[in-house]
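# Per-entry structural report
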Amino acid sequence: MTDSPRPHDTPADLPGLPEPAGLADPADPPGPAAPADRWRETLLAARAGAEGPDPLPYAENLLARWAEPQRRYHTTAHLTAVLDRIDTLAPYADDVHAVRLAAWFHDAVYRPDRTENEERSAALAERALPEAGVGEAVTAEVARLVRLTVTHDPAEGDRDGEVLCDADLAVLAGGPQEYAAYAAQVREEYGFVPDEAFRAGRAAVLRQLLALPRLFRTPYGAAEWEERARHNLATELELLEPSGGR
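Notes on the structure in this doc start here. (Residues numbered from 1 in each chain as written. Predicted model: local features only at pLDDT ≥ 70, side-chain atom pairs only at ≥ 80, totals over all residues. Heavy atoms only, no water.)

### Concerning the overall build of the protein chain
Looking only at helices and strands, one finds 11 helices and zero strands in the protein chain. When the helices and strands of the protein chain are read in sequence order from the N terminus, they spell out α-α-α-α-α-α-α-α-α-α-α. Considering only intrachain contacts with a sequence separation of at least 6, the fraction spanning at least 24 residues in the protein chain is 72%. (Helix = DSSP H or I, 4+ residues; strand = E, 2+ residues; numbered from the N terminus. Contact = heavy atoms within 4.5 Å.)

### Topic: helix α8 (residues 176-189)
End to end, α8 covers 20 Å across 14 residues, agreeing with the expected 20 Å (1.5 Å per residue, within 8%). Residues of α8 that are buried: Tyr179, Tyr182, Ala183, Val186 and Glu189. What you see down the axis of α8 is that its buried residues fit within an arc of 120 degrees, all on one side. Of the exposed residues in α8, those oriented more than 90 degrees away from the buried face are Pro176 and Gln177. Among the structural elements, α9 (195-211) and α11 (226-240) are those in contact with the buried residues of α8. (Expected span 1.5 Å × (residues − 1). Buried < 20%, exposed > 50% of the residue type's maximum accessible area, 1.4 Å probe, protein only. Arc of directions from axis to C-beta.)

### What to know about the nonpolar core
Judged by nonpolar contacts, the single largest core of 65 residues is most densely connected at Trp39, Ile86, Phe105, Val142 and Leu172. The greatest single-element share of this core, amounting to eight residues, is contributed by helix α4 (residues 96-105). (Core = buried A, V, L, I, M, F, W, Y, C linked by side-chain atoms within 4.5 Å.)

### Digging into the pattern of salt bridges
Scanning the entire structure with this criterion turns up 17 salt bridges. Across the pair Glu116 and Arg120 runs a salt bridge whose closest N-O atoms are separated by 3.8 Å. Assessed through its relative accessible area of 31%, Glu116 is described here as partly exposed. Ionic pairing is found between Arg217 and Asp153, a salt bridge with its closest N-O pair at 2.4 Å. With Arg217 in the loop between α9 and α10 (219-224) and Asp153 in the loop between α6 (136-148) and α7 (159-169), the pair connects residues that are 64 residues apart, well separated along the chain. (Salt bridge = Lys/Arg side-chain N within 4 Å of Asp/Glu carboxyl O.)

### Details of the packing of helix α5 (residues 117-131) against α6
Between α5 and α6, the least distance of the axes is 8 Å, while the angle of their chain directions is 165 degrees. Our classification of the angle between α5 and α6 gives roughly antiparallel. Crossing angle aside, the handedness with which α5 passes α6 is right-handed. On α6, the residues touching Glu118, Glu119, Ser121, Ala122, Ala123, Ala125, Glu126, Leu129 and Pro130 of α5 are Thr139, Val142, Ala143, Val146 and Arg147. Tallied by class, the residues present in the contact of α5 with α6 amount to eight nonpolar, two polar and four charged. (Axes fitted to C-alpha atoms, helices over the stretch in contact; angles between N-to-C directions. Parallel < 35°, antiparallel > 145°, perpendicular 65-115°, else oblique. Left-handed = near helix turned anticlockwise from the far one by under 90°. Nonpolar A, V, L, I, M, F, W, Y, C, P; charged D, E, K, R; others polar.)

### A word on the environment of Arg127
Mapped onto the secondary structure, Arg127 falls in helix α5. Judged by relative accessible area, Arg127 falls into the partly exposed class, the value being 44%. In this structure the C-alpha to C-alpha distance between Arg127 and Ala143, which are 16 residues apart in sequence, comes to 10.0 Å.

### Digging into the side chain of Asp160
Here Asp160 is to be found in helix α7. Buried and unpaired, Asp160 has no salt bridge, with Arg144 as the nearest side chain of opposite charge at 5.2 Å. (Lys, Arg positive; Asp, Glu negative; His and termini not counted.)

Laid out in structure tokens, this is it:
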């Protein structure tokens, strides 16, 4: 993630997805690009012909998680943006269906005042996907990818990890207004943190990102996003540091 460290989650914060039979069917989506439709297409592809329960109740549950009131940046808009970027980067992935599933789960558990959100999200995927009809190998890959978003530092040759991390970090390469809106939303999520503590934590995250040899690993990401993202991060870091306001 691109936000400040959080204290630990507790197991009680990780309920499994409810049994499909216990959920009402979601309303008809507004169009073919609606998130529920995208989930259904991805889940069916990841099943590779295996039988499984109705995908839509799972989409409803996940979308409800992404719409929780404590979120300002890590919302359904972020999920949709990551899925859109994965579509752009799909040719670079080995298993794009696993990458898309990882996008759905990578912030499914999110509390800004706690750490291990990625671990809890990965554990949720490990419990929910087999129930939804996804095989063991794909489930393991999805969980691995979700955990990778802790560092956004995939190993050389990890094509699926490169696509997910690039898609998740692409927000850093936005134009000035887009990046400012992103930074403001992150600050809103941490509204309970005093200004001085937030500046210190956020600056540490920015330095960690800037220390990576490359923010973006796919050829597209390196060409289209790297330079602008580094400029944005350096500018925000300068503003956060004590001398930045002078």
